[in-house]
Amino acid sequence: MTKLYEISNEYTSVIEAIEQLFEAHPDLDEASKRAIIEENLAGVQQSFDDKAFAIGGLIQNLKFEHGNVKELQERFTKRAKGLEKTIGQLSDYLLAQMQSVNRPKLANAWLTLQIRTNPCRVIIEDEALLGDEFKLRETIIKINKAAIGEQLKAGSAVPYAHLEQSQRLEIK
């Protein structure tokens, strides 16, 4: 199966050959030139168009699949959060019940259930009342690209920044 870049190379080669032919024969009239172009490019152009549409269709399918995967990801994330909540609730319930009947350890062939003491954790009751020696300052520097863009569009020079325009493929 021919690849799009191979068809593009062939297309370019045919164009170059036609240009060389026209340079070698400047006496050709416009009708003859048009006929030569149509005869030599028709097959290559059709191959290019067919391959480009096939790739465009593949892109559309991948976009659709990507949307489906994102939707599934959201559903799985929601499901995972629900499972985490249920695990926490059941763990708290079982801990409370084991504590209430004073059974710190249970075991069978498959499971061992044991009440363990966690390490101490720090609880902050009011952050505003804590001394500065217990506070860390974080500085976040964020570049304001919108303001830089406005300056550059207005004609002002901004050191170490420039505007760049690119192209994208739109498939409908």
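Residues numbered from 1 in each chain as written. Predicted model: local features only at pLDDT ≥ 70, side-chain atom pairs only at ≥ 80, totals over all residues. Heavy atoms only, no water.

**Points about the pattern of salt bridges**
Phase 1: Counted under the stated rule, the structure contains one salt bridge.
Phase 2: Residues R75 and E71 are paired through a salt bridge, measuring 3.0 Å at the closest nitrogen-oxygen approach. Linking R75 with E71, this pair stays in helix 2 (residues 30-100), spanning four residues, or about one helical turn. (Salt bridge = Lys/Arg side-chain N within 4 Å of Asp/Glu carboxyl O. Helix = DSSP H or I, 4+ residues; strand = E, 2+ residues; numbered from the N terminus.)

**Structural notes on the packing of aromatic side chains**
Phase 1: The final tally for this structure, using the stated rule, is zero aromatic pairs.
Phase 2: The ring of F22 carries K33 above its face, with NZ or CZ at 5.4 Å from the centroid. (Phe/Tyr/Trp six-rings, centres within 6.5 Å; stacked < 30°, edge-to-face > 60°. Lys NZ or Arg CZ within 6 Å of the ring centre and 35° of its normal.)

**Considering the environment of L106**
Phase 1: Position of L106 relative to the elements: it lies in strand 1 (residues 105-107).
Phase 2: Since its relative accessible area comes to 27%, L106 is described here as partly exposed.
Phase 3: Separated by 18 residues in the primary sequence, L106 and G88 place their C-alpha atoms 19 Å from one another.
Phase 4: If near-sequence neighbours (up to four positions away) are discounted, L106 is found in contact with M98, L111, T112 and L113. (Buried < 20%, exposed > 50% of the residue type's maximum accessible area, 1.4 Å probe, protein only. Contact = heavy atoms within 4.5 Å.)

**Brief notes about the nonpolar core**
One recurring pattern in soluble globular proteins is that nonpolar side chains are buried together.
Phase 1: Counting residues in each nonpolar core, the largest one holds seven residues, listed as I7, V14, I18, F22, I36, L41 and V44.
Phase 2: Looking at this core, the elements that each hand over two or more residues are helix 1 (4-24) and helix 2.
Phase 3: Per-element tally for this core: the top contributor is helix 1, with four residues. (Core = buried A, V, L, I, M, F, W, Y, C linked by side-chain atoms within 4.5 Å.)

**Overview of the confidence of the model for the protein chain**
Phase 1: Per-residue confidence for the protein chain averages 91 on the pLDDT scale, and 100% of its residues sit at or above 70.
Phase 2: Confidence, expressed as mean pLDDT per element, reaches its minimum in the protein chain at helix 1 with 86 and its maximum at strand 2 (residues 112-114) with 95. (pLDDT = per-residue confidence, 0-100.)

**Re a nonpolar patch on the surface**
Phase 1: Taken together, V122, I124, L130 and F134 make up a surface patch of nonpolar side chains, about 410 Å² in accessible area.
Phase 2: Inspection of the secondary structure puts V122 in the loop between strand 2 and helix 3 (145-153).
Phase 3: V122 gets classed as exposed once you look at its relative accessible area, which sits at 71%. (Patch = residues over 30% accessible without salt bridge, like charges linked within 9 Å, V, L, I, M, F, W, Y side chains within 5 Å. Areas by Shrake-Rupley, 256 points an atom, 1.4 Å probe, with all protein chains shown as cover.)

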